[in-house]
Amino acid sequence: MVSIADTHCHLDIIQSQGLEIADSVKNAMESGVKKIVQIGIDLESSLKSKSIANEYSNDSLEIRYSIGCHPTETHEFPNKEEILKLVYQNLGDPKLSAIGEIGLDYYHAADTKKQQEEILEAFLECSAKTKLPVVIHSRDAKEDTISILRNFRDRAFGVIHCFTYDYPTARALVDIGYYISFSGIVAFKNATEIQEAAQKLPLESMLIETDAPFLAPPPFRGKRNEPSYMKFILDKMFSLRRESNSEVEQKLFENSLKFMNRKAYHHNA
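Residues numbered from 1 in each chain as written. Predicted model: local features only at pLDDT ≥ 70, side-chain atom pairs only at ≥ 80, totals over all residues. Heavy atoms only, no water.

J.: It is not clear to me how the overall build of the protein chain should be interpreted in this structure. Could you clarify?
T.: A tally of regular secondary structure across the protein chain gives ten helices and eight strands. Compactness check: the protein chain gives a C-alpha radius of gyration of 17 Å against a globular reference of 18 Å for 269 residues, within 12% of the reference. Overall, the C-alpha framework of the protein chain stretches about 45 × 40 × 40 Å when taken along its three principal axes. Within the span of the protein chain, comprising 269 residues, buried residues form 59% of the whole. Long-range contacts, defined as pairs at least 24 residues apart, comprise 75% of the intrachain contacts of the protein chain with a sequence gap of at least 6. As displayed, the protein chain offers around 11200 Å² of accessible surface, 46% of which is attributable to carbon and sulfur atoms. Within the protein chain, the 39 negative side-chain charges are centred at a point lying 4 Å from the centre of the 32 positive side-chain charges. (Helix = DSSP H or I, 4+ residues; strand = E, 2+ residues; numbered from the N terminus. Rg over C-alpha atoms; globule rule 2.2 N^0.38 Å. Buried < 20%, exposed > 50% of the residue type's maximum accessible area, 1.4 Å probe, protein only. Contact = heavy atoms within 4.5 Å. Areas by Shrake-Rupley, 256 points an atom, 1.4 Å probe, with all protein chains shown as cover. Lys, Arg positive; Asp, Glu negative; His and termini not counted. Charge placed at Lys NZ, Arg CZ, Asp CG, Glu CD.)

This is the structure in structure tokens:
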């Protein structure tokens, strides 16, 4: 039986689009998914993510959660301190795996660059203090993302989720200390630069995710995504890597467990 972890998923948004969380979880279990990280993007969804992790985890599928402030959720920026407080309040909760999603998005919200950078730095400082990994969203913000994360090198760590840049960018981010996570985009026909990164990076630095309900992989491209579609992303990774399928599956799952247990990819423990 396959062992898959979906390291980035929005079960609450999937539910808002018509698929109940219990059904998402059932479908995921039937397709071999053993772990899910439910992602917070603002104060309300972070609180919801904790309740989802507690309510829907079971003996066959464990759900962890994150607490975050998404860079396009500009209405949430005034709640930054409340969200940071929530991180500290839940630091002792083993189901809390990460801070995020946080980051920079100059595609949707270029007019708030300075605010985005200040928010990102505040949460990276929180990562440095708490030793919680961060989940980084970066769109059309490659240079600034690298620059800011480099300023926190050896203090903050985490994952670049839904990676959409090229191999040199991925390599630079891995060298700073970040996992690179590949979504269903890696299976798109025209995603050649992303596929090159998935081929060339060290296997121990990689994760996979759905980012559901967004970015469904073929053959479901353009439709609502869900964690059970992880197997199509894993199949694409099999085709891109030189290692055996079993080694790729095992290592990606091991990497996911390390991340979920608050360890960086290069951590010796």
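Once the structure has been displayed, the description carries forward.
J.: Explain unusual backbone geometry to me, please; I cannot follow it from the model alone.
T.: Excluding glycine, most residues fall at negative phi; most peptide bonds, likewise, are trans. Here the residue pair Gly 100 and Glu 101 is connected by a cis peptide bond, since its omega of 20 degrees sits within 30 degrees of zero. Topologically, Glu 101 is positioned in strand β4 (residues 96-105). Between Pro 218 and Pro 219 the backbone carries a cis peptide bond, its omega angle lying at 10 degrees. Mapped onto the secondary structure, Pro 219 falls in the loop between β8 (206-208) and α9 (230-240). A positive phi angle, near 70 degrees, is found at Asp 154, a position not held by glycine. Using a relative accessible area of 72% as the deciding quantity, one classes Asp 154 as exposed.

J.: Any chance you could explain the environment of Leu 132 here in plain terms?
T.: By the element assignment, Leu 132 lies in the loop between α5 (113-130) and β5 (134-139). The class of Leu 132 is buried, set by a relative accessible area of 0%. The sequence separation of Leu 132 and Phe 152 amounts to 20 residues, and the corresponding C-alpha distance is 13 Å.

J.: Teacher, can you tell me more about α5 here?
T.: Each α-helix turn comprises 3.6 residues. Residues three or four places apart therefore point the same way. When the terminal C-alpha atoms of α5 are compared, their 26 Å separation across 18 residues agrees well with the 26 Å that a helix rising 1.5 Å per residue should span. Listing the buried residues of α5 in full gives Gln 116, Ile 119, Leu 120, Ala 122, Phe 123, Leu 124, Cys 126, Ser 127, Ala 128 and Thr 130. Buried-residue contacts for α5 involve α4 (80-89), β4, β5, α6 (142-151) and β7 (178-182). Just past α5, the residue Lys 131 takes up positive phi, approximately 65 degrees. (Expected span 1.5 Å × (residues − 1).)

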